[in-house]
Amino acid sequence: MPICAPSSDSSAPSASGGRAWIVHGLALGAAAAAAAAAAYLYRRPGGFRSRAVGIIPARFASSRFEGKPLAHILGKPMIQRTWERVMLASSLDHVVVATDDVRIADCCRGFGADVIMTSESCRNGSERCCEALQKLGKSYDIVVNIQGDEPLIEPEIIDGVVMALQRAPDAVFSTAVTSLKPEDASDTNRVKCVVDNQGYAIYFSRGLIPSNKSGKVNPDYPYLLHLGISGFDSKFLMIYPELPPTPLQLEEDLEQLKVLENGYRMKVIKVDHDAHGVDAPEDVEKIEELMRARNIQ
């Protein structure tokens, strides 16, 4: 696996492709179409939770894919691919990479990203974002945690997650889901989600949810796949690391369950997104094939 030698082509991908991504979840009924249009033409509000920062946590050590942020995807490190997509989001006032590894930091600075060095003791991406927020020394209302292994993340999804928190004062967390492909039903790397009829999360699981009596996939049920993006109210993020781990969080190994299990509300938007995260080395080739098919440089 090649270690980072940042591409000399630092131009970010065009934002013109694929605009109609936000489908529903910010509102219900007829208002869903208006929400979709608003996410497409994002306008920064002047009031509630108006300032947002995007943080991309990245670590070198990984049991499934060591050095994943530096793996090359069509000539660029994966972390660069993700950063370029995040930079296209119009809702973010600032974007930084948070890492504990000097190799990742040097790589990111090489292609122009701002970097915050964080402790090796961070147990997950949310804790790394919390530490980075403290070290930034600036005031933000919303912190968006974007996983560095989503090199095709759509900036409109980021804007939708920010907007969801701005429109739901009772929520401290927002995230996105899309339709689950039948072939991913039994994949424990693909996290599933169920929501209530107001667009708030009920549960997340690595197993298929909901489950029926037959124990088989129902081809007619609209199962939901969780995407690797989370929006935090910044005040909540500051107390998040102090919340003790919860049984469901530990059993599923899903940090968002700590939010729900402690009684906090989480807003969920549903988007039309062909999810292609990188969980293992073999996923890199799949991403490259998809990018070639879509003529993404």
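Residues numbered from 1 in each chain as written. Predicted model: local features only at pLDDT ≥ 70, side-chain atom pairs only at ≥ 80, totals over all residues. Heavy atoms only, no water.

Under an unreviewed UniProt entry, the chain has the name 3-deoxy-manno-octulosonate cytidylyltransferase and belongs to Urochloa decumbens. In its Subcellular location (unreviewed entry) section, the UniProt record describing the chain reads: "Membrane". The record in UniProt for the chain states the following under Catalytic activity (unreviewed entry): "3-deoxy-alpha-D-manno-oct-2-ulosonate + CTP = CMP-3-deoxy-beta-D-manno-octulosonate + diphosphate". (UniProt positions renumbered as here; feature names shortened; annotations may be inferred.)

**Looking at the overall build of the chain**
The helix and strand inventory of the chain stands at nine helices and 12 strands. Out of the 297 residues belonging to the chain, those deemed buried represent 55%. Excluding contacts between residues fewer than 6 apart, the proportion of contacts in the chain whose partners are at least 24 apart in sequence is 72%. For the chain, the accessible surface area stands at approximately 13200 Å², while carbon and sulfur atoms represent 51% of it. (Helix = DSSP H or I, 4+ residues; strand = E, 2+ residues; numbered from the N terminus. Buried < 20%, exposed > 50% of the residue type's maximum accessible area, 1.4 Å probe, protein only. Contact = heavy atoms within 4.5 Å. Areas by Shrake-Rupley, 256 points an atom, 1.4 Å probe, with all protein chains shown as cover.)

**Considering the nonpolar core**
The biggest cluster of nonpolar side chains holds 37 residues, and the ones touching the most others in it are Leu-92, Ile-158 and Ile-229. The element best represented in this core is helix H5 (residues 155–167), accounting for six residues. By size, the runner-up hydrophobic cluster in this structure holds 31 residues, among which are Leu-136, Val-143, Ala-201 and Leu-260. (Core = buried A, V, L, I, M, F, W, Y, C linked by side-chain atoms within 4.5 Å.)

**Digging into helix H4 (residues 125–136)**
The terminal C-alpha atoms of H4, which comprises 12 residues, lie 16 Å apart, in line with the 16 Å expected from a rise of 1.5 Å per residue. For H4, the complete set of buried residues consists of Gly-125, Ser-126, Glu-127, Arg-128, Cys-129, Cys-130, Glu-131, Ala-132, Leu-133 and Leu-136. The backbone nitrogen of Ser-126 has a side-chain oxygen 3.2 Å away, supplied by the residue at the start of H4, namely Asn-124. Residue Gly-137 follows H4 closely and has a positive phi angle near 70°. (Expected span 1.5 Å × (residues − 1). Polar contact = N/O pair within 3.5 Å; in protein donor to acceptor, adjacent residues only side chain to side chain.)

**Looking at the environment of Tyr-200**
Mapped onto the fold, Tyr-200 is located in the loop between strand S9 (192–195) and strand S10 (201–205). What Tyr-200 contacts, discounting residues up to four positions off in sequence, is Ala-168, Asp-170, Ala-171, Val-195, Arg-265, Met-266, Lys-267 and Val-268. At 2.8 Å, the side chain of Tyr-200 forms a polar contact with the side chain of Asp-170.

**Observations concerning the side chain of Lys-258**
Looking at the element boundaries, Lys-258 is found in helix H8 (residues 256–261). A distance of 3.0 Å separates the side chain of Lys-258 from the backbone oxygen of Leu-243, its partner in a polar contact. Excluding residues within four positions of it along the chain, Lys-258 makes contact with Tyr-240, Pro-241, Leu-243, Pro-244, Pro-245, Thr-246 and Gln-249.

**So, the pairing of strand S5 (residues 94–99)**
Both faces of the sheet carry side chains from a regular strand, because those side chains alternate between them. In terms of burial, S5 is largely enclosed, as six of its six residues are buried. Burial along S5 is two-sided: His-94, Val-96 and Ala-98 facing one way and Val-95, Val-97 and Thr-99 facing the other are all buried. In this structure, strand S2 (residues 52–58) lies alongside S5, joined through six bridges in parallel fashion. Bridge assignment links Pro-57 to a residue of S5, and that residue is Ala-98. In this sheet, strand S6 (residues 114–117) lies alongside S5 in parallel orientation, the contact comprising four bridges. (Pairing = 2+ DSSP bridges.)

**Describing the pairing of S2**
Summarising burial for S2: seven of the seven residues are buried, a large majority. Burial along S2 is two-sided: the face carrying Ala-52, Gly-54, Ile-56 and Ala-58 and the face carrying Val-53, Ile-55 and Pro-57 are both buried. Bridge analysis of S2 against strand S7 (residues 142–146) gives four bridges, and the strand direction is parallel. The partner of Gly-54 across the bridge, within S7, is Val-144.

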